[in-house]
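# Observations on the three-dimensional arrangement
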Amino acid sequence: MSLLLLLIFLLFCVIFLQHLWLKREVYWLSWQMPGPFLVPLIGHLQTVRGISHGGVINLFKYMMKNYKSPLRWWIGTKMFVIVKKPEDMQIILNSPQCLSRAKVYKFFKSFVGDGILILPVSARMFNPFLQCNWIFRLTKLYKVEKLSSCITFGFVDKILQKKKTNFEHTDELKTLKSTVDDDLPLKTPQIFIDQLMKLLFVEKKFNDYDVISEANTIVASGFESIALASSYCILMLAMHPEHEQRLYNEIKTIMEDRKDVHYDDFSKYDFLDSAGPRNCIGFQYAYILIKIILIQLVSNFKFRTDLKMSEFRLRMDISLQLINKHLVYVEKRK
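Presented here is an overview of the structure given in this document. Worth saying up front: this structure is predicted, and the values here are computed from it rather than measured. (Residues numbered from 1 in each chain as written. Predicted model: local features only at pLDDT ≥ 70, side-chain atom pairs only at ≥ 80, totals over all residues. Heavy atoms only, no water.)

## Notes on the overall build of the protein
Here is the rule we go by: Secondary structure elements are defined from DSSP: runs of H or I of at least 4 residues count as helices, runs of E of at least 2 residues count as strands, and each element is numbered from the N terminus. Between buried and exposed lies partly exposed: a residue is buried under 20% and exposed over 50% of the maximum accessible area for its type, with that area taken using a 1.4 Å probe on protein chains only. By the convention used here, residues are in contact when the closest approach between their heavy atoms is within 4.5 Å. The accessible surface values rely on the Shrake-Rupley method and a 1.4 Å probe; as for residues, cover is taken only from the protein chains in view.
Tallying secondary structure elements over the protein gives 14 helices and six strands in all. Scored against the burial criterion, the 334 residues of the protein give a buried share of 33%. Long-range contacts, defined as pairs at least 24 residues apart, comprise 61% of the intrachain contacts of the protein with a sequence gap of at least 6. Summed over all atoms, the accessible surface of the protein reaches about 22100 Å², with 62% contributed by carbon and sulfur.

## A short note on the nonpolar core
In plain terms, the rule: What makes a nonpolar core is a set of buried Ala, Val, Leu, Ile, Met, Phe, Trp, Tyr and Cys residues whose side-chain atoms join them at distances within 4.5 Å.
Of all hydrophobic cores here, the largest spans 20 residues; its most connected members are Leu247, Ile251, Tyr269, Ile295 and Val298. Contributions of two or more residues to this core are made by helix 12 (222-239), helix 13 (241-255) and helix 14 (283-300). Not counting chain neighbours up to four residues away, the residues in contact with Tyr269 comprise Glu250, Ile251, Ile254, Met255 and Ile295. Within the second largest apolar cluster, eleven residues are counted, among which are Val156, Phe167, Leu196 and Ile212.

## Quick look at the side chain of Asp88
For the record, the criterion: As used throughout, the charge tally considers Lys and Arg to be positive and Asp and Glu to be negative, leaving His and the chain termini uncounted. Any Lys or Arg side-chain nitrogen located within 4 Å of an Asp or Glu carboxyl oxygen qualifies as a salt bridge.
Residue placement: Asp88 occurs in helix 5 (residues 86-94). Buried and unpaired, Asp88 has no salt bridge, with Lys85 as the nearest side chain of opposite charge at 5.4 Å. Setting aside residues up to four positions removed in sequence, Asp88 forms contacts with Ser69, Pro70 and Val83.

## A few points about the side chain of Ser30
Within the secondary structure, Ser30 sits in helix 2 (residues 24-31). Not counting chain neighbours up to four residues away, the residues in contact with Ser30 comprise Leu38, Arg72, Trp74 and Met79.

## Let's talk about the pattern of salt bridges
Applying the stated criterion to the full structure yields six salt bridges. In this structure, Lys164 engages Asp208 in a salt bridge whose closest nitrogen and oxygen atoms are separated by 3.2 Å. Taken together, the positions of Lys164 in helix 8 (residues 140-169) and Asp208 in helix 11 (residues 208-220) put the pair 44 residues apart, joining distant regions of the chain. Residue Asp208 is classed as partly exposed on the basis of its relative accessible area of 45%. One salt bridge in this structure joins Glu244 and Arg333, with 3.1 Å as the shortest N-O distance. Separated by 89 residues along the polypeptide, Glu244 in helix 13 and Arg333 in the segment after strand 6 (329-332) bring together distant segments of the chain.

## Digging into the pairing of strand 2 (residues 78-82)
Keep this limit in mind: Strand pairing requires that DSSP identify at least two bridges connecting the strands.
One ladder, built from five bridges, connects strand 1 (residues 71-75) with strand 2; its direction is antiparallel. When the bridges of strand 2 are listed, Arg72 appears paired with Val81. Where strand 1 hands over to strand 2, the hairpin turn is made up of two residues, of which Gly76 adopts a positive phi near 65 degrees.

## What about the packing of helix 13 against helix 14?
What describes two packed helices is the angle between their axes and the distance between those same axes. Convention followed: Axes here refer to lines fitted to C-alpha atoms; in helices the fit is confined to the stretch in contact. Angles between the N-to-C directions go from 0 to 180 degrees. Here roughly perpendicular refers to angles of 65 to 115 degrees, roughly parallel to angles under 35, roughly antiparallel to angles over 145, and oblique to all remaining angles. In the scheme used here, Gly and all other residues not listed as nonpolar or charged are polar, with Ala, Val, Leu, Ile, Met, Phe, Trp, Tyr, Cys and Pro taken as nonpolar and Asp, Glu, Lys and Arg as charged.
Interhelical geometry of helix 13 versus helix 14 gives an angle of 100 degrees and a closest axis separation of 9 Å. By the angle class used here, helix 13 and helix 14 are roughly perpendicular. Where helix 13 abuts helix 14, its residues Glu244, Leu247, Tyr248, Ile251 and Met255 lie against Leu294, Ile295, Val298 and Ser299. A per-class count over the contact of helix 13 with helix 14 returns seven nonpolar, one polar and one charged.

## Description of the packing of aromatic side chains
Quick reminder of the rule: Here is the rule: rings of Phe, Tyr and Trp (six-membered ring for Trp) pair when centre to centre is within 6.5 Å. Planes less than 30 degrees apart are stacked, more than 60 are edge-to-face, and the remainder are tilted. Charge over a ring is defined by NZ of Lys or CZ of Arg lying within 6 Å of the ring centre and within 35 degrees of the ring normal.
A complete count under the given rule lists five aromatic pairs for this structure. A ring pair is formed by Tyr263 and Phe266, whose centres lie 5.8 Å apart and whose planes are at 85 degrees; its orientation type is edge-to-face. We classify Tyr263 as exposed; its relative accessible area is 56%. Given the relative accessible area of 8%, Phe266 is considered buried. Over the face of the ring belonging to Tyr329 we find Arg304, whose NZ or CZ atom lies 4.3 Å from the ring centre. Taking the ring centre of Tyr248 as reference, the NZ or CZ of Arg333 above it sits at 3.8 Å.

## Structural notes on a nonpolar patch on the surface
What counts is decided by this rule: What makes a patch is a set of residues exposed beyond 30% relative accessible area and free of salt bridges, joined within 9 Å when like-charged and within 5 Å when nonpolar (Val, Leu, Ile, Met, Phe, Trp, Tyr).
Taken together, the side chains of Leu3, Leu6, Leu7, Phe9 and Leu10 define a hydrophobic patch exposed on the protein surface, amounting to about 510 Å² of accessible area. As for its placement among the helices and strands, Leu6 is situated in helix 1 (residues 2-22).

## Overview of the packing of helix 12 against helix 13
Where helix 12 meets helix 13, the axes come as close as 5 Å, and the angle between the chain directions of the two elements is 110 degrees. Judged by the inter-axis angle, helix 12 sits roughly perpendicular to helix 13. Contact with helix 12, carried on its side by Leu237, Ala238 and Met239, involves Pro241, His243, Glu244 and Leu247 of helix 13 and no other residues of that element. Class assignment of the residues belonging to the contact of helix 12 with helix 13 gives a composition of five nonpolar, one polar and one charged.

## Remarks on unusual backbone geometry
Note the cis peptide between Ser69 and Pro70, where omega equals 0 degrees. With respect to the secondary-structure elements, Pro70 resides in the loop between helix 4 (53-66) and strand 1. We note that Lys204 has phi near 55 degrees; this positive angle belongs to a residue other than glycine. Along the polypeptide, Lys204 turns up in the loop between helix 10 (192-202) and helix 11. Backbone geometry places Glu256, a non-glycine residue, at a positive phi of 55 degrees. Relative to the helices and strands, Glu256 resides in the loop between helix 13 and helix 14.

Have a look at this one:
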C-alpha cells in the first residue's frame, strides 16, 4: 500500500511539474499582474469556496477596488484577465492578438455552433470539474444541454428552411442580388436574416452551417437576457405603481380595444421606450420582443411587490441575477 501511495505521489509530482513547465510563460505573466494569492492547479477557487453568491460579488468588488487593472483571476488551470479601465479595454479590442476565441467558448458550441455570440451557460465555465468532457457527459446537465440544443436548433432550422424556400421560389433572390449595400441610405434597416441569405446565395461567403450558427446565436443568446430585462422592468413597475399606471394608459390609448400588437404602433409609444433600452447586435429583435412582452403583460395584469431596492441580493453569473427572485404579486385586470 505504501509503495502504491508513493507511486501515486510521484505521478502527481510529474504531472504537476509538467503542467508548470507547459504553462511557465502564463504563470510568469500572471505573477507580474496584481491579484489574490495564486495556488497552481487550484487557482483562486480557495477564495470562493463555501461563500455565498453575494460573497462572490463582494469579493470582486474588493478586487476591483484594491488591485490595479489589469488583474489576474484563475479558475482551476485557466487564467482570466480582468480589466476595469477603458484604455485597457481599448487596447484589448484593437489588438490583432485578441481575435481568437478563448477555449471556454467550446462549452457553447453545442448550443449555437460557431456563431459570434454565446448562450448564457455558466455551469461549466465556473466549475473546473465539469470542464472535463467525460465527467460532464456523466451529469444531468449534459442531458439538459443536448435537449436544449435540439429544441433551439430545431426552431431556428424551421425558420431558415422557410426563408430559403421563399428565396428560391420567389423574386426575393433577384431583388437581393440587385441590391448593393453601398447604394442604400445610411438608416435603411439591414434585416439580419436577409443579410444571411445574401451571404449564402449571392456572395457565397457562408454555407448552410454558417447561416444556422449565426441565426441560432441571435435567437438563443437573447432568451435569458430578454427574459431577465423584462422581469426587471415588471419588478420596477411593481415597485412604482404610478409609472405602471402611466404605461397602462399609454397602451390603452394606442391599442384601444385591440389585443394584437401592431408593428406600426411602436413609433407611437413614448413612455414605453424608456422601459427597456439595450445595445447589442440583436438590438432591434430584443427591443421589439421586450416591448411586446411589456405591452401584453401590463395591458392584462396589475403588479405589486413588497420588495425594496435595499433588499436586493444579487448573485454573480453570466448576467447579474436576484437571489431573492422577482417577488411580484400579479392581479388580472378587469
